[in-house]
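Descriptive analysis of the structure
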Amino acid sequence: MTKMFCRLTFTSIVVIFLGGCDQPKSEDISRSDDISAIRSLQNNWNQAVETSNVDGYLSVLDEQIELIPTDAPPINGKEGYREMLEQVFNTSTFNIEVVDEGTIEVDGNMAYTRYDYIIHTTSTTSDSKESETISTYRKFLDVMRRQSDGSWKVYKHIWNYN
C-alpha cells in the first residue's frame with residue numbers, strides 16, 4: 001500500500017510538473033504581443049522618417065513626448081516636435097540603416113528600447129541644386145508608454161553619436 005501511494009504521488013507530481021511546463025504564462029504572451037506592437041511602431045516610425053511624413057511621425061509619439069537630442073535643448077510636446085520636423089524635412093531626406101534592432105524591455109505600462117542605426121542624411125541647399133549626404137552612427141534609447149487603449153507611443157526619445 002505504501003509503495004502504491006508513493007508511485008501515485010510521484011506520478012501525480014510528474015504529470016502536474018510536465019503539464020505546467022508546456023503552458024506559456026499569460027504575462028509571457030502579453031509581453032510577446034507588446035514587443036511585436038513596439039517593433040511595428042518602430043517600423044512605422046522609420047517609414048515616416050524616410051518619407052518625410054510629419055503626421056506619420058507624430059502618430060507614434062505620446063502627447064507628452066520629450067526629445068532629448070545630443071548637443072541641443074530638449075523639445076517637449078507634439079507641437080514643438082512638429083515645428084522641428086517641418087524644418088528638418090524641408091531641407092533634408094533620410095535613409096535609415098538598421099545596424100542592431102536591439103532590445104525591448106517591457107515593465108508594466110512602460111517599455112524601454114535600445115537600438116543602433118546609421119542615419120544617412122541628404123541635405124539640399126536652398127536653391128535645390130546641390131546636395132550632400134552625411135552618414136552618422138547613432139545609439140538610441142527610447143522610453144515607450146502604454147496608452148489608455150493599450151497601444152504604445154514614444155514617451156522619451158534619446159540618442160547619441162558613436
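Describing the overall build of the protein
- Summing up its helical and strand segments, the protein has four helices and six strands in all.
- Written out in order from the N terminus, the α and β elements of the protein read α-α-α-β-β-α-β-β-β-β.
- In the protein, which comprises 162 residues, the share counted as buried stands at 32%.
- Put simply, of all contacts in the protein between residues at least 6 apart along the chain, 53% involve residues at least 24 apart.

Observations regarding helix 4 (residues 77-91)
- Helix length check: helix 4 (15 residues) gives 22 Å between terminal C-alpha atoms against 21 Å at 1.5 Å per residue, within 8%.
- Every buried residue of helix 4 is listed here: Gly77, Lys78, Tyr81, Leu85 and Phe89. What you see down the axis of helix 4 is that its buried residues fit within an arc of 100°, all on one side. Counted as exposed and oriented over 90 degrees from the buried face of helix 4: Glu79, Glu83, Gln87 and Asn90.

Overview of the packing of aromatic side chains
- Counted by the stated rule, this structure contains eight aromatic pairs.
- For the pair Tyr115 and Phe140, a centre-to-centre distance of 5.0 Å together with 10° between the ring planes defines the contact as stacked. Pair noted here: Tyr115 is in strand 4 (residues 110-124) and Phe140 is in strand 5 (residues 131-146), with a separation of 25 residues, a long-range link.
- Taken together, the aromatic side chains of Trp45, Tyr57, Tyr81, Phe89 and Phe94 make up a single cluster linked through ring pairs.
- Lys156 extends its terminal NZ or CZ atom over the ring of Tyr155, reaching a point 4.7 Å from the ring centre.

Quick notes on the pattern of salt bridges
- Here the structure, examined in full by the defined rule, presents nine salt bridges.
- Ionic pairing is found between Glu101 and Arg39, a salt bridge with its closest N-O pair at 3.9 Å. One end of the pair, Glu101, is in strand 3 (residues 92-107); the other, Arg39, is in helix 2 (residues 26-50), with 62 residues separating them in the sequence.

Concerning the pairing of strand 6 (residues 152-161)
- As paired strands, strand 1 (residues 61-68) and strand 6 are joined by four bridges and run parallel to one another. Of the residues in strand 6, the one forming a bridge with Leu61 is Val154.
- The pairing of strand 5 with strand 6 spans nine bridges and is antiparallel. What sits directly across from Met144, in strand 6, is Val154.
- Between the antiparallel neighbours strand 5 and strand 6 lie five residues, among them Gly150 with a positive phi of about 95°.

Considering the nonpolar core
- Judged by nonpolar contacts, the single largest core of 29 residues is most densely connected at Trp45, Tyr57, Leu61, Tyr81 and Val154.
- Looking at this core, the elements with two or more residues in it are helix 2, helix 3 (54-58), strand 1, helix 4, strand 3, strand 4, strand 5 and strand 6.
- Among the elements that line this core, the one with the most residues is helix 2, at five residues.

Reading the values: the criteria
- Residues numbered from 1 in each chain as written.
- Predicted model: local features only at pLDDT ≥ 70, side-chain atom pairs only at ≥ 80, totals over all residues.
- Heavy atoms only, no water.
- Helix = DSSP H or I, 4+ residues; strand = E, 2+ residues; numbered from the N terminus.
- Buried < 20%, exposed > 50% of the residue type's maximum accessible area, 1.4 Å probe, protein only.
- Contact = heavy atoms within 4.5 Å.
- Expected span 1.5 Å × (residues − 1).
- Arc of directions from axis to C-beta.
- Phe/Tyr/Trp six-rings, centres within 6.5 Å; stacked < 30°, edge-to-face > 60°.
- Lys NZ or Arg CZ within 6 Å of the ring centre and 35° of its normal.
- Salt bridge = Lys/Arg side-chain N within 4 Å of Asp/Glu carboxyl O.
- Pairing = 2+ DSSP bridges.
- Core = buried A, V, L, I, M, F, W, Y, C linked by side-chain atoms within 4.5 Å.

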